[in-house]
Amino acid sequence: MEKDSRIYIAGHRGMVGGAIKRKLEKEGYNNLVLRTSSELDLRDQQAVAHFFEQEKPEYVFLAAAKVGGILANNTYRADFLYDNLAMEANIIHAAYLNKVEKLMFLGSSCIYPKLAPQPLKEESLLSGFLEATNEPYAIAKIAGIKLCEAYRDQYQCNFISVMPTNLYGIGDNYHPQNSHVLPALIRRFHEAKETGAPVVTIWGTGTPLREFLFADDLADACLFLMENYNEKQFLNIGTGSDLSIKDLAYLVKEVVGYEGSIDFDTTKPDGTPRKLMDVSKLHALGWKHTVELKEGITLAYRDFLKNAYAER
């Protein structure tokens with residue numbers, strides 16, 4: 001990509017798209033094409049087709065998606081499947097019609113079978129049953145990967161796909177019901193600190209293992225792969241290391257400065273015992289994360305105090 005290449009970031013106001021936008025601007029890319037969801041409904045095929053015909057982006061980062069936690073995924077199953085299928089199909093097809101030089105599709109680690117061997121290798125895709133609660137979202141993301149592969153096979157489009165691990169960072173969602181585990185912990189420990197609550201109760205035993213990647217590290221990986229990777233095989237993006245929910249909770253407690261105690265409600269479910277990405281292919285290409293977890297949580301908490309919590 002040249003510094004003045006026309007680059008469209010679909011979903012630039014989300015955490016991932018926002019991180020990609022910051023990274024590109026920092027590196028001097030000065031011709032970004034951006035539209036909010038109110039300006040362009042990505043589920044509207046005709047609107048997307050018109051946008052591509054008019055703007056003629058040369059490169060596309062497809063980071064737009066309807067996302068949410070377990071409750072939202074399981075409640076709005078039709079919305080998660082339809083909206084995500086429509087958005088990715090419209091953008092990928094329009095990119096083909098308008099001869100986009102390169103497109104990157106961003107998926108999710110939930111594409112892997114529930115019982116796939118750990119760490120999760122790219123080859124495990126479609127080797128078993130999905131986690132039932134987020135199956136519609138996972139199927140939509142798998143369809144996005146297969147669309148990129150199919151347009152590559154049939155039309156020789158340079159469309160690539162990447163699968164990030166659990167993400168957190170600037171612009172995260174801290175909704176009390178719909179957020180993911182790390183931002184949820186940040187909010188809960190902060191509120192306990194503010195109210196002087198003596199105990200924070202966390203669901204489960206605290207033993208499940210999870211991997212976390214700072215969103216700005218993901219953006220760095222995306223730019224690296226946009227410039228250096230042109231293969232059909234999708235790639236995992238992660239840190240290659242994980243920690244227990246218990247250790248995560250104590251780390252967030254330390255960063256937030258909460259001085260009470262932590263109680264684990266073992267009557268509540270733990271979820272999947274482990275979820276770690278195999279990132280050996282990515283490491284072999286020469287990219288590794290730079291933001292370690294404590295530093296990333298500190299940056300995320302600062303952003304939470306400045307933006308997410310201030311709004312409430």
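As shown above, the structure is provided for reference.
Each residue is numbered by its place in its chain's sequence as written, counting from 1. Only residues with pLDDT of 70 or above have their local features reported here, since the model is predicted, and side-chain atom pairs are shown and tallied only from 80 upward, although totals for entire chains, interfaces and linings are computed over all residues. Only hydrogens and water are set aside; all other atoms, that is, all heavy atoms of the structure, feed into the side-chain values.

Draft legend 1. Representation of the packing of helix H1 (residues 15-26) against helix H7 (residues 215-228) within the structure. An axis is simply a line fitted to the C-alpha atoms; with a helix, the fit covers only the stretch in contact. Between two such axes, the angle follows the N-to-C directions and lies from 0 to 180 degrees. Secondary structure elements follow DSSP: runs of H or I of four or more residues count as helices, runs of E of two or more count as strands, with numbering from the N terminus. Viewed as axis vectors pointing N to C, H1 and H7 meet at an angle of 60 degrees, and their least axial separation amounts to 8 Å. On the basis of their axis angle, the class for H1 and H7 is oblique. Crossing angle aside, the handedness with which H1 passes H7 is right-handed. Residues Met 15, Val 16, Ala 19, Ile 20, Arg 22, Lys 23 and Leu 24 of H1 lie in contact with H7, whose contacting residues are Ala 215, Asp 216, Leu 218, Ala 219, Asp 220, Cys 222 and Leu 223. For this scheme, ten residues count as nonpolar: Ala, Val, Leu, Ile, Met, Phe, Trp, Tyr, Cys and Pro. Four count as charged, namely Asp, Glu, Lys and Arg, and the remainder, Gly too, count as polar. Tallied by class, residues from the contact of H1 with H7 come to 10 nonpolar, no polar and four charged. Roughly parallel means an angle under 35 degrees; roughly antiparallel, over 145; roughly perpendicular, 65 to 115; everything else is oblique. Each crossing is labelled by how the near helix is turned from the far one, with a counterclockwise turn of less than a right angle marking it left-handed and a clockwise turn marking it right-handed. Contact between two residues is taken to exist if any of their heavy atoms lie within 4.5 Å; hydrogens are not considered.

Draft legend 2. Just the pairing of strand E5 (residues 159-164), in detail. Buried, partly exposed and exposed residues are distinguished by accessible area as a fraction of the type maximum, computed with a 1.4 Å probe on protein chains only: under 20%, between the cut-offs, and over 50%, respectively. Judged by how many residues are buried, E5 sits mostly within the fold: six of six residues are covered. Alternating residues of E5 divide into Phe 159, Ser 161 and Met 163 and Ile 160, Val 162 and Pro 164, and every residue in both groups is buried. Only when DSSP finds a minimum of two bridges between them are two strands counted as paired. Where strand E4 (residues 102-106) and E5 come together, four bridges link them in parallel fashion. Note that in E5 the partner of Met 104 across the bridge is Ile 160. If you view a crossover with the strands going away from you and the path from the first strand over the helix to the second runs clockwise, you call it right-handed. Taking the sense of rotation as the criterion, the β-α-β connection linking E4, helix H5 (residues 135-155) and E5 turns out right-handed.

Draft legend 3. Local environment of the environment of Ala 86. Position of Ala 86 relative to the elements: it lies in helix H4 (residues 77-97). With relative accessibility at 12%, the residue Ala 86 sits in the buried group. For the pair Ala 86 and Asp 44, spaced 42 residues apart in sequence, the C-alpha separation works out to 7.8 Å. In this structure Ala 86 touches Leu 42 and Arg 43, once residues within four positions along its chain are discounted.

Draft legend 4. Examining the nonpolar core more closely. Among the buried residues, those of types Ala, Val, Leu, Ile, Met, Phe, Trp, Tyr and Cys that are joined through side-chain atoms within 4.5 Å form a nonpolar core. Core analysis: the largest hydrophobic core is formed by 70 residues, its most contacted members being Ile 20 and Phe 52. Residue contributions to this core peak at eight residues, all from H7. If we ignore the near neighbours within four places in the chain, the residues touching Ile 20 are Ile 9, Phe 61, Ala 63, Leu 106, Ala 219 and Cys 222. With 28 residues, the next largest nonpolar core counts Leu 248, Ile 262, Ile 297 and Ala 300 among its residues.

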